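# Report on the structure
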Amino acid sequence: MISATMHARLLTIADLRRAGRISSSEIVAAIDLYMRDPVAGPYHFGSGHSLDIAALVASKMSPSEVANRVGPQEKTIRNAVAAAIMAATPTVL
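So, here's what we can say about the structure. Quantities reported herein were computed from a predicted structural model and do not represent experimental measurements.

Another point: the packing of helix α2 (residues 24-36) against helix α5 (residues 73-87). Each pair of packed helices can be described by the angle between their axes along with the distance between the axes. α5 packs onto α2 with a crossing angle of 130° between their chain directions and a minimal axis gap of 10 Å. Of the possible angle classes, the one that applies to α2 and α5 is oblique. Crossing handedness for the pair α2 and α5: right-handed. Where α2 abuts α5, its residues Ile27, Val28, Ile31, Asp32, Tyr34 and Met35 lie against Glu74, Ile77, Arg78, Val81, Ala82, Ile85 and Met86. Here the contact of α2 with α5 is composed, by residue class, of 10 nonpolar, no polar and 3 charged.

So this is what it looks like as structure tokens:
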């Protein structure tokens, strides 16, 4: 349940996950999509929220970090993408 105090600020993906509005599997799917195709466009959650993960990642990481995501760096990049997504405020469609 989203409390009245949560409405005082914009909700993050983490807030929406805690409230049960976005599932963990949707978050993993969003990360997977970005890792497969970093220019895929906004991810649309079943709750009616949308998040442009490519723009979000571009604001948090350098292009060279993202370009070198294959191999040992992949887990590090994946974790950084997950952290950025959880802290992001999505758009309501």
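Moving on from the coordinates now.
It is worth spelling out the environment of Thr12 at this point. Note that Thr12 resides in the segment before α1 (13-18). For Thr12, a relative accessible area of 15% gives the class buried. Separated by 75 residues in the primary sequence, Thr12 and Ala87 place their C-alpha atoms 5.7 Å from one another.

Turning to the sheet that holds strand β3 (residues 91-92), a few remarks are in order. The strand order across the open sheet formed by 3 strands is β1-β2-β3, and the pairing between neighbours is antiparallel. Each edge of the sheet is formed by a strand with only one pairing partner; in this case those strands are β1 (43-44) and β3.

Moving on to the pattern of salt bridges. The full count for this structure, using the stated rule, is 2 salt bridges. A salt bridge links Asp15 to Arg18, with the shortest nitrogen-to-oxygen separation between them at 2.6 Å. Linking Asp15 with Arg18, this pair stays in helix α1, spanning 3 residues, or about one helical turn. Asp32 is the salt-bridge partner of Arg78, the closest N and O atoms lying 2.4 Å from each other. Of this pair, Arg78 sits in helix α5 while Asp32 sits in helix α2, placing them 46 residues apart in sequence. We classify Asp32 as partly exposed; its relative accessible area is 27%.

On to the packing of aromatic side chains, then. Here the distance between the centres and the angle between the planes together describe a pair of aromatic rings. The full count for this structure, using the stated rule, is 1 aromatic pair. Relative to Phe45, the ring of Tyr43 has its centre 4.9 Å away and its plane inclined at 70°; by these criteria the two rings are edge-to-face. Both residues of the pair, Tyr43 and Phe45, belong to the buried class.

A separate point is helix α3 (residues 53-60). If you check which residues of α3 are buried, you get Ile53, Leu56 and Val57. End-on view of α3: buried residues confined to an arc of 95°, all on one side of the axis. In this structure, α3 carries Ala58 and Ser59 as exposed residues pointing more than 90 degrees from its buried face. For α3, the side-chain oxygen to backbone nitrogen distance between the N-cap and Ala54 is 3.3 Å, and the N-cap itself is Asp52.

Procedures and definitions
- Residues numbered from 1 in each chain as written.
- Predicted model: local features only at pLDDT ≥ 70, side-chain atom pairs only at ≥ 80, totals over all residues.
- Heavy atoms only, no water.
- Axes fitted to C-alpha atoms, helices over the stretch in contact; angles between N-to-C directions.
- Helix = DSSP H or I, 4+ residues; strand = E, 2+ residues; numbered from the N terminus.
- Parallel < 35°, antiparallel > 145°, perpendicular 65-115°, else oblique.
- Left-handed = near helix turned anticlockwise from the far one by under 90°.
- Contact = heavy atoms within 4.5 Å.
- Nonpolar A, V, L, I, M, F, W, Y, C, P; charged D, E, K, R; others polar.
- Buried < 20%, exposed > 50% of the residue type's maximum accessible area, 1.4 Å probe, protein only.
- Pairing = 2+ DSSP bridges.
- Salt bridge = Lys/Arg side-chain N within 4 Å of Asp/Glu carboxyl O.
- Phe/Tyr/Trp six-rings, centres within 6.5 Å; stacked < 30°, edge-to-face > 60°.
- Arc of directions from axis to C-beta.
- Polar contact = N/O pair within 3.5 Å; in protein donor to acceptor, adjacent residues only side chain to side chain.

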